[in-house]
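Results of the structural survey
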Amino acid sequence: MATQHSRSAARFMMAPAVILLLGWMLVPLSMTLVFSFKKYLPLRGGDLGWIGFDNYVRFVSSSAFWPSVQTTLIIVGGVLVITIIFGILLSILLDQPMWGQGIVRILVIAPFFVMPTVSALVWKNMLMDPVNGLFAHLWKAFGAQPVEWLSDASLFSIILIVSWQWLPFATLILLTAIQSLDSEQLEAAEMDGAPPLARFGFIILPHLARAITIVILIQTIFLLAIFAEIFVTTSGAFGTRTLTYLIYQRVLESQNVGLGSAGGVYAIILANIIAIFLMRIVGKNLDA
Amino acid sequence: MARAVTTRRKTINTVAAWAIGLLIFFPILWTILTSFKTEAQAINDPPLFFFFDWTLENYAIVQERSNYMRFLWNSVIIAGGSTFLGVIIGVPAAWSMAFVPSRRTKDILLWMLSTKMLPAVGVLYPIYLLFIKLGLLDTRFGLTIVLMLINLPIIIWMLYTYFKEIPGEILEAARMDGATLKEEILYILTPMAIPGIASTVLLNIILAWNEAFWTLNLTAAKAAPLTAFIASYSSPEGLFYAKLSAASTMAIAPILILGWFSQKQLVRGLTFGAVK
């Protein structure tokens, strides 16, 4: 049993981390909150006083707001659907007996380790460029007109790039979950004559449910915040301005800090709603 | 008969998995290949795969023209420094929560996790302003601190799940033999905890190396790490594919290698122990 002495030592050892994280959370958060109720234009007069909820109203009533929400939902939803579906298929395939499994795994996981600015620029220039990109060469080889990916199919292109980055994450987690499945259960089902699709639907999928939920929640939090991929490809043009990017533009590009901060508060609330669900699952796991 | 079927299935699996694996890996492979071409060969139609005049000149040009080494060094300092600081602060915290748990331990852990969920863009201006006021904008020190703070929750969580796996009986036995707290940590916990700490370090170097929100927004010329350096290629002049490829290859190579060692830890670290 822990003694009084070790308890106070424990508190002392925890203190730096707790204090730092508390400061990291509270100081900027309260500043954002304060700014959001002010007319604050650093380059045009600075702090121009309190204006109540004006920024909150203006942020949601600006013509850029709803399109940005829509863009955010399409990107997050699109990437989730692609990574989950292909992640499940890929993890089942990788779980099968084969030659060179370790190497294939490495190939599949690799994109996750590529920094976002590199993957975005490589896709933008070397694959998707309408003149010199590899896709353009490929299209021309089949006699088709090369596609202007990042302007004509901008959302699809961003979804493709981001999915490529996150598919390894989904696959790896689902593969870990599949490997924890009792193989005797599957063998028994097979012997009882359950066809592959039934084995997938009644054994594998239910077993993966928790892992899928975790992938969805964690990816959603990261996907809501994607920035570099848009920053270096379209800079928010061609309908790719997400909520995160809109706030970034308000704050740093047009230096309307009050308005951007109100947007920031919305983003924080949104992220917290998702976080609550994630924490429930993670918290339950702590008790186990 | 059954054996033959298994071999056939195994062959099909192998072919399918390799095809998909190579397809997913292709953009990286293509980047590496292109980095060894001349600029003219890089945009050649039809594309050149292996039969071209391999050259190292792009690597030399990238280093010469943009002083690549300085960005690399910034990345090393920032990723290494933030991880080091994070582990120094995280180990005692995770240790105390794992071995001297109290009623509030779970709440504290979940609260720490919640700070990780805070969208960076929501606090962009306050941090930006504080950085200006404190003279930290475009400094390696400032960025190191910020990256340490955003990764600290993951560090503590990972360490916590590893420490939890160390059996408590061993500690009790040591205490009964009269080991002091210091001896307990130094001679018993540390050796058992080293694999967990190593994995934590590995994953966090990867995360910090690739971080591309704060590194893009809080640096300019001086402290810019590789993420920001590569971003400068988004508005290039003239032919640049081969040079972009060379710069990219150099930027991702160290992390690809580290990453392959840390596959398992990746799952644990990024799901906060919820999937092992």
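Residues numbered from 1 in each chain as written. Chains lettered and ligands numbered in written order. Predicted model: local features only at pLDDT ≥ 70, side-chain atom pairs only at ≥ 80, totals over all residues.

1. Describing the domain arrangement of chain B
Residue and element names in this part refer to chain B. As assigned here, chain B comprises domain 1 (2–57) and domain 2 (67–270). The gap between the C-alpha centroids of domain 1 and domain 2 is 33 Å. At the interface, nine residues of domain 1 touch seven residues of domain 2. For the side of domain 1 that touches domain 2, the elements supplying multiple residues, two or more each, are α1 (2–34) and α2 (39–42). Considered class by class, the residues forming the side of domain 1 that touches domain 2 number three nonpolar, four polar and two charged. (Domains from an automatic or database assignment. Contact = placed C-beta atoms within 7 Å. Helix = DSSP H or I, 4+ residues; strand = E, 2+ residues; numbered from the N terminus. Nonpolar A, V, L, I, M, F, W, Y, C, P; charged D, E, K, R; others polar.)

2. Quick look at the interface of chain A and chain B
Taken together, the contact between chain A and chain B spans 87 residues of the former and 82 residues of the latter. The element contributing the most residues to the side of chain A that touches chain B is helix α1 (residues 4–36) of chain A, with 18 residues. Here the side of chain A that touches chain B is composed, by residue class, of 70 nonpolar, 16 polar and one charged.

3. So, the packing of α1 of chain A against helix α7 (residues 140–164) of chain B
Contact pair α1 of chain A / α7 of chain B: the axes reach a minimum separation of 10 Å and the direction vectors enclose 135°. Judged by the inter-axis angle, α1 of chain A sits oblique to α7 of chain B. Regarding α1 of chain A and α7 of chain B, the two cross each other, and that crossing is left-handed. Where α1 of chain A abuts α7 of chain B, its residues Ala-17, Leu-20, Leu-21 and Trp-24 of chain A lie against Leu-149, Leu-152 and Ile-156 of chain B. Tallied by class, the residues present in the contact of α1 of chain A with α7 of chain B amount to seven nonpolar, no polar and no charged. (Axes fitted to C-alpha atoms, helices over the stretch in contact; angles between N-to-C directions. Parallel < 35°, antiparallel > 145°, perpendicular 65-115°, else oblique. Left-handed = near helix turned anticlockwise from the far one by under 90°.)

4. Observations concerning the environment of Met-250 of chain B
All names here are of chain B. Its location among the elements puts Met-250 in helix α12 (residues 241–261). With 21 C-beta atoms packed within 10 Å, Met-250 lands in the buried category. It is 23 Å that separates the C-alpha atoms of Met-250 and Asn-44, two residues lying 206 residues apart in sequence. (Buried ≥ 20, exposed ≤ 12 C-beta atoms within 10 Å, placed from the backbone.)

5. As for the packing of helix α4 (residues 68–99) of chain B against helix α9 (residues 181–210) of chain B
Residues and elements named next belong to chain B. At their nearest, the axes of α4 and α9 sit 9 Å apart, and the two run at 140° to each other. Between α4 and α9, the crossing angle belongs to the class labelled oblique. Handedness of the crossing formed by α4 with α9: right-handed. Across from Ser-75, Ile-78, Ala-79, Gly-80, Ser-82, Thr-83, Gly-86, Val-87, Val-91 and Trp-95 in α4, the residues of α9 making contact are Leu-189, Ile-197, Thr-200, Val-201, Asn-204, Ile-205, Ala-208 and Trp-209. Grouping the constituent residues of the contact of α4 with α9 by class yields eleven nonpolar, seven polar and no charged.

6. As for the nonpolar core
In terms of nonpolar packing, the biggest core is built from 162 residues, with Ile-173 of chain A together with Ala-94, Ile-156 and Ile-230 of chain B touching the most fellow members. Among the elements that take part in this core, α7 of chain B stands out by supplying 16 residues, more than any other. Both domain 1 (2–57) and domain 2 (67–270) of chain B contribute no fewer than three residues apiece to this core. The residues touching Ile-230 of chain B, leaving out its near neighbours within four places in the chain, are Met-115, Thr-117, Val-118 and Leu-121 of chain A together with Ala-247, Ser-248 and Ala-251 of chain B. (Core = buried A, V, L, I, M, F, W, Y, C linked by C-beta atoms within 7 Å.)

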